[in-house]
Amino acid sequence: ISYDAYDGWRTIQGTKISRDGTWLAYALTPQDGDGELVVRNLKTGAETRQARGRDAVITADDKFVVFTIAPVKAEADKAKKEKKKPEEQPKNGLGVLNLATGQVFTADRVKSFKVADESGAFAAYLLEAPVKKPEAKPEAKPEAKPEAKPEPGAEKKPKEKKKDPGTELVIRDLAAGTEARIAEVVEYVWA
């Protein structure tokens, strides 16, 4: 076997099985490249595959699979190579697979998600901050005034840390597909 063969190998990661034993979900990841999420019905053998899916959670009622959608590896590598700022790099997304219908809901720029341990009715996910558009450069200022020297004994004010304003939290009713949004959330707990 040559080293070229290693890139074709794929590993199974993050296996989850539903409470009733019907569904199995796992990420199938290559050594280099984009992986996929595989959701298999163990009774019928039917499979659903979601590109770049990982970190799957099967809801307590065994009706939905909620998972992270990784950015395209080539785009992420390109952003790193171009040394883009972290907020400008590609971000994870969210996917919700309805096991009864096979329909998939997706959301972009998702920081994290949580599903309740004992209920499959709702999922909560926190969005990334929106991408800031570059501001227009100000035109040349008139002559700058010389800086005033501080008076002896005057103390400089310490710079205050900027507080994280938080981002939007979305609470999604998985069956109905409706959402409630809460602005400026920094942390959340889902029970």
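Residues numbered from 1 in each chain as written. Predicted model: local features only at pLDDT ≥ 70, side-chain atom pairs only at ≥ 80, totals over all residues. Heavy atoms only, no water.

Regarding its fold elements, the chain presents one helix and 12 strands. The buried share of the chain, taken over its 191 residues, is 31%. Taking the intrachain contacts of the chain between residues at least 6 apart in sequence as the baseline, contacts between residues at least 24 apart amount to 43%. (Helix = DSSP H or I, 4+ residues; strand = E, 2+ residues; numbered from the N terminus. Buried < 20%, exposed > 50% of the residue type's maximum accessible area, 1.4 Å probe, protein only. Contact = heavy atoms within 4.5 Å.)

This part covers the sheet that holds strand β12 (residues 179-185). Across a sheet, paired strands are connected by hydrogen bonds in the backbone, their directions being either parallel or antiparallel. With antiparallel pairing, the four strands of this open sheet are ordered in space as β9-β10-β11-β12. Looking along the sheet, the strands with just one partner apiece sit at the ends: β9 (110-115) and β12. Sheet twist, expressed as the mean angle between neighbouring strand axes with direction ignored, is 20°. In this sheet, strand β10 (residues 122-127) lies alongside β9 in antiparallel orientation, the contact comprising five bridges. Its bridge partner lying in β10, S112 is registered against L126. (Pairing = 2+ DSSP bridges. Axes fitted to C-alpha atoms, helices over the stretch in contact; angles between N-to-C directions.)

Judged by pairing direction, the sheet is antiparallel, and its four strands sit side by side in the order β5-β6-β7-β8 without closing on themselves. Edge positions in the open sheet fall to β5 (53-58) and β8 (104-107), since each of these has one partner strand only. Each strand of the sheet is rotated relative to its neighbour by a mean of 20°, with strand direction disregarded. Sheet analysis places β5 next to strand β6 (residues 64-69), joined by four bridges and oriented antiparallel. Across the sheet, residue G53 finds its bridge partner in β6, namely I69.

This part takes up the side chain of T29. As for its position among the elements, T29 is in strand β2 (residues 23-30). With a relative accessible area of 18%, T29 lands in the buried category. For T29, the side chain forms a polar contact with the side chain of Q13, separated by 3.4 Å. In this structure, T29 is in contact with W9, R10, T11, Q13 and G35, ignoring residues within four places of it in sequence. (Polar contact = N/O pair within 3.5 Å; in protein donor to acceptor, adjacent residues only side chain to side chain.)

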